[in-house]
Amino acid sequence: MAMEPVLTGGAPAVDISKMRQLARKNNVTCILVFGDSSVDPGNNNILRTPMKGNFPPYGINFFGGRPTGRFTNGRLATDFIAEALGYTKAIPAFLDPAVKKFDLRYGVSFASAASGYDDFTANISNVLSVRQQLDYFLHYKIHLREAVGKKAANEIIRNSIVVMSMGTNDFIQNYYLDPTRSKQYTIEQYLNFLITRMSRTFQVMHKLGLRKLVTVGVPPVGCMPIVKTIMDTTSCYEEYNRVSSTFNSKIKHTLEAIMASTGMKTAFVDAYGIILNAIDNPKRYGITEISKGCCGTGTVEYGNSCKGMSTCKDPSKYVFWDAVHPTEKMYKIIADEAVASLTTYFLS
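About the thresholds
- Think of each chain on its own: its residues are numbered from 1, step by step along the sequence as written.
- Reporting of local features is limited, given that this is a predicted model, to residues whose pLDDT is at least 70; pairs of side-chain atoms are given and counted only at 80 or more, and all residues count toward the totals for whole chains, interfaces and linings.
- In computing side-chain values, all of the structure's heavy atoms are included and hydrogens and water are not.
- UniProt positions are given in the numbering used here, feature names are shortened, and annotations may be inferred rather than shown by experiment.
- Within this document, salt bridges are pairs made up of a side-chain nitrogen of Lys or Arg and a carboxyl oxygen of Asp or Glu, the two lying within 4 Å of each other.
- When accessible area is computed with a 1.4 Å probe and restricted to protein chains, residues below 20% of their type maximum are described as buried, those above 50% as exposed, and intermediate ones as partly exposed.
- Secondary structure elements follow DSSP: runs of H or I of four or more residues count as helices, runs of E of two or more count as strands, with numbering from the N terminus.
- It is the directions from the helix axis to the C-beta atoms whose arc is reported.
- Counted as a polar contact is a pair of N or O atoms within 3.5 Å, where, for protein atoms, one must be capable of donating a hydrogen and the other of accepting one, and residues adjacent in sequence contribute only when both atoms are in side chains.
- Helix axes use the C-alpha atoms of the stretch in contact, all axes being lines fitted to C-alpha atoms, and the angles between their N-to-C directions lie in the range 0 to 180 degrees.
- Angles below 35 degrees are treated as roughly parallel, those above 145 as roughly antiparallel, those between 65 and 115 as roughly perpendicular, and all remaining angles as oblique.
- Should the near helix be turned anticlockwise from the far one by less than a right angle, the crossing is termed left-handed; should it be turned clockwise, right-handed.
- It only takes one pair of heavy atoms within 4.5 Å for two residues to be counted as in contact.
- Amino acids outside the nonpolar list (Ala, Val, Leu, Ile, Met, Phe, Trp, Tyr, Cys, Pro) and the charged list (Asp, Glu, Lys, Arg) are all regarded as polar, and Gly is one of them.
- The pairing test for Phe, Tyr and Trp rings, Trp by its six-membered ring, is centres within 6.5 Å, and the orientation test on the planes gives stacked under 30 degrees, edge-to-face over 60, and tilted for anything in between.
- Both a distance and an angle decide whether a charge sits over a ring: NZ of Lys or CZ of Arg must be within 6 Å of the ring centre and within 35 degrees of the ring normal.
- Pairing between two strands is assigned when DSSP locates at least 2 bridges connecting them.
- Residues belong to a common nonpolar core when they are buried Ala, Val, Leu, Ile, Met, Phe, Trp, Tyr or Cys residues joined through side-chain atoms within 4.5 Å.
- In this analysis a 1.4 Å probe is tested at points of a 1 Å grid over the protein atoms alone, and where it fits but cannot get out there is a cavity; an open set with protein on both sides within 12 Å along at least five of seven lines is a pocket; lining residues have an atom within 4 Å of a point.
- Grid points are joined across faces, edges and corners, and a volume is the space filled by probe spheres set on the points.
- Only a pair of cysteine sulfur atoms within 2.5 Å qualifies as a disulfide here.

The protein chain has the name GDSL esterase/lipase At5g45950 in an unreviewed UniProt entry, where Punica granatum is given as its organism. Under the Sequence similarities (unreviewed entry) heading, UniProt states for the protein chain: "Belongs to the 'GDSL' lipolytic enzyme family."

Counted by the stated rule, this structure contains nine salt bridges. One salt bridge connects arginine 70 with aspartate 79, and the closest N-O pair in it is separated by 2.9 Å. Here arginine 70 matches aspartate 79 in class, with each residue buried. Arginine 242 is the partner of glutamate 239 in a salt bridge, and the nearest nitrogen-oxygen pair spans 2.9 Å. Taken together, the residues glutamate 239 and arginine 242, both in helix 10 (residues 238-262) and three residues apart, mark about one turn of the helix. The structure contains a network of salt bridges with shared partners spanning Asp119, Arg131 and Arg197.

Here we come to helix 1 (residues 16-25). Listed in full, the buried residues belonging to helix 1 are Met19, Leu22 and Ala23. Looking down the long axis of helix 1, one finds its buried residues gathered within 100° of arc, a one-sided arrangement. Residue aspartate 15 occupies the N-cap position of helix 1, its side-chain oxygen lying 3.1 Å from the main-chain nitrogen of serine 17. Asparagine 27 occupies a position one or two residues after helix 1 and carries a positive phi of about 55°.

Let us now look at the packing of helix 2 (residues 77-85) against helix 12 (residues 328-347). Two numbers describe how helix 2 lies on helix 12: the axes approach to 8 Å, and their chain directions differ by 45°. Considering the angle they form, helix 2 stands oblique to helix 12. The chirality of how helix 2 crosses helix 12 is right-handed. Touching Ala77, Phe80, Ile81 and Ala84 of helix 2 are Glu328, Tyr331, Lys332, Ile334, Ala335, Ala338, Val339 and Leu342, all from helix 12. Tallied by class, residues from the contact of helix 2 with helix 12 come to ten nonpolar, no polar and two charged.

All chains considered together, the criterion is met by 25 aromatic pairs. Cluster of aromatic residues (ring-pair linked, three or more members): Tyr117, Phe171, Tyr175, Tyr176, Tyr185, Tyr190, Phe193, Tyr237, Tyr240 and Phe247. Sitting over the face of the ring of phenylalanine 80, lysine 332 holds its NZ or CZ atom 5.9 Å from the ring centroid.

Of all the five residues making up strand 6 (residues 265-269), four are buried; the element is thus mostly covered by neighbouring parts of the structure. Both strand 5 (residues 212-216) and strand 6 contribute to a ladder of five bridges, which runs parallel. From the neighbouring strand, leucine 213 faces strand 6, where its bridge partner is threonine 266.

Proline 56 connects to proline 57 through a cis peptide bond whose omega is 10°. One non-glycine residue, asparagine 27, lies in positive phi territory at about 55°. Owing to a relative accessible area of 41%, asparagine 27 belongs among the partly exposed residues under this scheme. A positive phi angle is found at asparagine 126, which is not glycine, with a value near 60°. In this structure, asparagine 126 sits in the loop between helix 3 (119-125) and helix 4 (130-148).

As a further point, take the nonpolar core. In this structure, Ile31, Met224, Val319 and Met330 are the most contacted members of the largest nonpolar core, which totals 51 residues. It is helix 12 that provides the largest number of residues to this core, a total of ten residues. By size, the runner-up hydrophobic cluster in this structure holds 48 residues, among which are Met51, Leu95, Tyr190 and Phe193.

Another point: the layout of surface pockets. There is about 420 Å³ of room inside the largest pocket. Along the lines of polarity and charge, the residues of the lining of the largest pocket split into 13 nonpolar, five polar and five charged.

Counted by the stated rule, this structure contains three disulfides. Between the sulfur of cysteine 295 and that of cysteine 306 lies a disulfide, 1.9 Å long from S to S. Judged by the sign of its S-S torsion, about 130°, the bond between cysteine 295 and cysteine 306 is right-handed. Of this pair, cysteine 295 sits in the loop between strand 7 (289-293) and strand 8 (318-320) while cysteine 306 sits in the loop between strand 7 and strand 8; the two residues are eleven residues apart in sequence, bridging distant segments of the chain. On the accessibility criterion, cysteine 306 (0% relative accessible area) is buried.

With that out of the way, let us pick up empty space enclosed by the protein. The full count for this structure, using the stated rule, is one cavity of 30 Å³ or more. Considering only enclosed or pocket space, the largest cavity measures out at about 420 Å³ in volume. In terms of lining, the largest cavity is formed by 36 residues, of which the most central are Asp36, Ser38, Thr168, Pro219 and Tyr331. Elements supplying a minimum of two residues to the lining of the largest cavity: helix 2, strand 4 (161-165), helix 6 (169-175), helix 11 (271-280) and helix 12. Residue composition of the lining of the largest cavity, by class: 25 nonpolar, ten polar and one charged.

Laid out in structure tokens, this is it:
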């Protein structure tokens, strides 16, 4: 069985000009994004949910210094990936009323902050489940056909790169916080439940015509400032990191099985290894603060509790923007790994 590529940090520098030539040669113009707050550029803005980031200080380093709904100070990894392909500098939210049909050919995000592979995770916060995100993808296909014609739309979708990034909320918003799943499953059983849901999602994606899949693994959850605060520890909470690492191993095996059964091209981006590497070797990345976020005290604030709070002077020196989410600096590092993967395995 072929092994899917795995990137864990320190990716070789990518020749962006060469990458764009390869993308054009392979007719890759579009990035379609599914997931949670790690890749949601603002879909939650119009949902009746408390899980929003469309207010200051979020977005202070985005274009124009404006909040968009991204849960960070600037751009997300998917924005940097899109910029590397050369068609847009920011992936729009599909539900954004300002999105123009012309923009659809270059990609959109269906992601919803606080979502997860488990539909119950999305239900807790009244956000878009994976199933609902895929429903919106069907709407996207209709709009794309109206914009460019059926034949061109099918080609754009067939050649598109799908980015899937979620899983964290299945643990921090669901299993470890709400008693429902923890009463039903041991943690090992729950991991297998999530993997089953993930596998079904990827199979549906294949049936819908998607052929290139980049899956971002879960980060070291035990290193999130809010987890360390709750667990009253100054170091990463190792039990949560062990679960994160185990889950990532299962994701990689799932991608191998999906490749073998469908022929889908897949790649795994090891956010766990990338972020842990930055925490363990901060000087390598020009980082000076690894234990707390830039917003407020940096120990508990995220989302609404970050609203209107003061921030650190230089977010680029921080791993975390708030007590949960990485800074734009970290998203750029993750994006560099993903871009290297795209160039090597999808475009060459």
